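Architecture at a glance
Here is what each chain is made of, one letter per residue.
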Amino acid sequence: MPPLTSAAAPATHRLRLWYRRLGRRGAAGVAAFAAALLAAAFFLTPSRDATAPSTTSYPSYGHRLPTLVDLTLVDGAKEKGAVCLDGTPPGYHWLPGFGEGSDKWLLHLEGGSWCRNLTVCGQRKKTNLGSSDYMERQVEFVGILSDDELQNPDFYNWNKVKVMYCDGASFSGNVEAEFQDGTSFFFRGQRIWEAVMDDLLSKGLSRAKEAFLTGCSAGGLSTYIHCDDFRALLPKASTVKCLADGGFFLDVEDISGRRYMRSFYNDVARLQDVRKKFPHCRSDMEPGQCFFPREVAKGISTPMFILNPAYDVWQIGYH
Ligand SMILES: *[C@@H]1O[C@H](CO)[C@@H](O)[C@H](O)[C@H]1NC(C)=O
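What you see is a predicted model; the values in this text were computed from it and never measured. Each chain has its residues counted from 1, running along the sequence as written. Per-residue local features are limited, in this predicted model, to residues with pLDDT of at least 70; the limit for side-chain atom pairs, both in listing and counting, is 80 or more; totals at the level of whole chains, interfaces and linings are taken over all residues. Remark: hydrogens and water are excluded; side-chain values derive from all non-hydrogen atoms of the structure.

**A look at the sheet that holds strand β3 (residues 104–109)**
The condition is simple: Any two strands are treated as partners once DSSP identifies two or more bridges connecting them. Working definition: helices are DSSP H or I runs of at least four residues, strands are E runs of at least two. Numbering for both runs from the N terminus. Fitting a line to C-alpha atoms yields each axis, with helices limited to the stretch in contact; the angle taken between N-to-C directions then spans 0 to 180 degrees. Here a residue-residue contact requires only that any non-hydrogen atoms of the pair lie within 4.5 Å.
In space, the 8 strands of this open sheet follow the order β4-β1-β2-β5-β3-β8-β9-β10, with mixed pairing throughout. Each end of this open sheet is capped by a strand with a single partner; those strands are β4 (138–141) and β10 (304–307). In this sheet, adjacent strand axes meet at a mean angle of 25° when their direction is disregarded. Across the sheet, helix α4 (residues 189–202) is in contact with β2 (91–95), β3, β5 (159–163) and β8 (210–216); its angle to β3 comes to roughly 160°. Each of β3, β8, β9 (239–245) and β10 is contacted by helix α5 (residues 218–233), which is oriented at about 155° to β8, the strand it contacts most.

So this is what it looks like as structure tokens:
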């Protein structure tokens, strides 16, 4: 184990306590909890404008079932053309904060790969990843989204929002025309991002003192893409940071010498015209190249925590 800093020490202690209490609940839970702790250590690290973290003691409460949080469909989204692949309005799950967490916000952008052509986007329209008609009406908030102080000691009382992913291109497409292929298609991820943010700003996000944008997998990529946008929406005096979990997709050759991810991203970028979103992307680059975190990250000025396994099982399958 690397030497522990004083900030990380109580976290490790808490992890041990928690692990002993819950016994073998599965690696996924442990990983989610570890991610929450890492995120907490990152968020609570003082930045230029933040004050030092307070030293709180953490009483151990009994283990309880996760809170179920209702789906909210975004009001007025359709009028703004901010719609899922099939034209239904986008949605999110919001668990309001309380106590000292009332003016703190943690947003999580859902993941779920991308769709690269009308065939697979057409299949996606009939799922939760392309239509709010298929989204779950209630989801469990666990890990970094949990409101259980024992499971999520640093963010349990924050406002927490899980933003559902239904555009197929990491919230970054913006095609005006409604594609026709027998049926209609909408590629409006960027507008979905804007409509969801407008809605949350009116619900208190605009008064946030601290805010944290997170996302996993394709949602991790969304986090790279929108981190600075998020910062720009919030009060100047607020502390804003981002965490991309498992979203560092690599632009590398596989053993046969092909670049699978680049050709995948080229298709997504062309279909959804994502290049507009990346004005700093050089014109001699393929459109999909602009979509890799390596390129997107170059322009980010907000504090960003990158969490990625050295052996990402999903990516290894494609390289
Ligand atoms: C669409 O993409 C899928 C993989 O995502 C691929 O298997 C299929 O061949 C593609 N279809 C067309 C028409 O390009």
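Don't stop here, the text continues.
**Some thoughts on the pairing of β8**
Applicable threshold: Only protein chains enter the calculation, and the probe is 1.4 Å; a residue is then buried if its accessible area is under 20% of its type maximum, exposed if over 50%, and partly exposed in between.
Extensive coverage of β8 is indicated by the burial of 5 of its 7 residues. Pairing of β3 with β8, which is carried by 6 bridges, proceeds in the parallel orientation. Each residue of the ladder has a partner; that of His-108, found in β8, is Thr-214. For β8 and β9, the ladder comprises 7 bridges, and the chain directions are parallel. Its bridge partner lying in β9, Gly-215 is registered against Ala-244.

**Details of the pattern of salt bridges**
Definition in use: Here, a salt bridge means any Lys or Arg side-chain nitrogen found within 4 Å of an Asp or Glu carboxyl oxygen.
Counting across every chain of the model gives 16 salt bridges. A salt bridge links Asp-267 to Arg-116; the shortest N-O distance between them is 2.8 Å. One end of the pair, Asp-267, is in helix α6 (residues 260–272); the other, Arg-116, is in the loop between β3 and α3 (118–124), with 151 residues separating them in the sequence. Judged by relative accessible area, which is 23%, Arg-116 ranks as partly exposed. One continuous salt-bridge network, built from bridges that share partners, spans Asp-251, Arg-259, Arg-262, Glu-286, Arg-294, Glu-295 and Lys-298.

**Some thoughts on the side chain of Asp-167**
Note the following rule: Here the positive residues are Lys and Arg and the negative ones are Asp and Glu; neither His nor the chain ends is included. Polar contact is the term for a pair of N or O atoms within 3.5 Å; when the atoms are in protein, one must be able to donate a hydrogen and the other to accept it, and sequence-neighboring residues count only if both atoms are side-chain atoms.
Looking at the secondary structure, you find Asp-167 in the loop between β5 and β6 (179–181). Among buried Asp, Glu, Lys and Arg side chains, Asp-167 stands out as unpaired, with Arg-124 the closest opposite charge at 7.2 Å. Engagement of the side chain of Asp-167 in a polar contact is seen with the backbone nitrogen of Phe-171, the distance being 3.0 Å. Residues contacting Asp-167, with those up to four places away along its chain left out, are Leu-85, Leu-129, Ser-172, Gly-189, Ile-192 and Gln-272.

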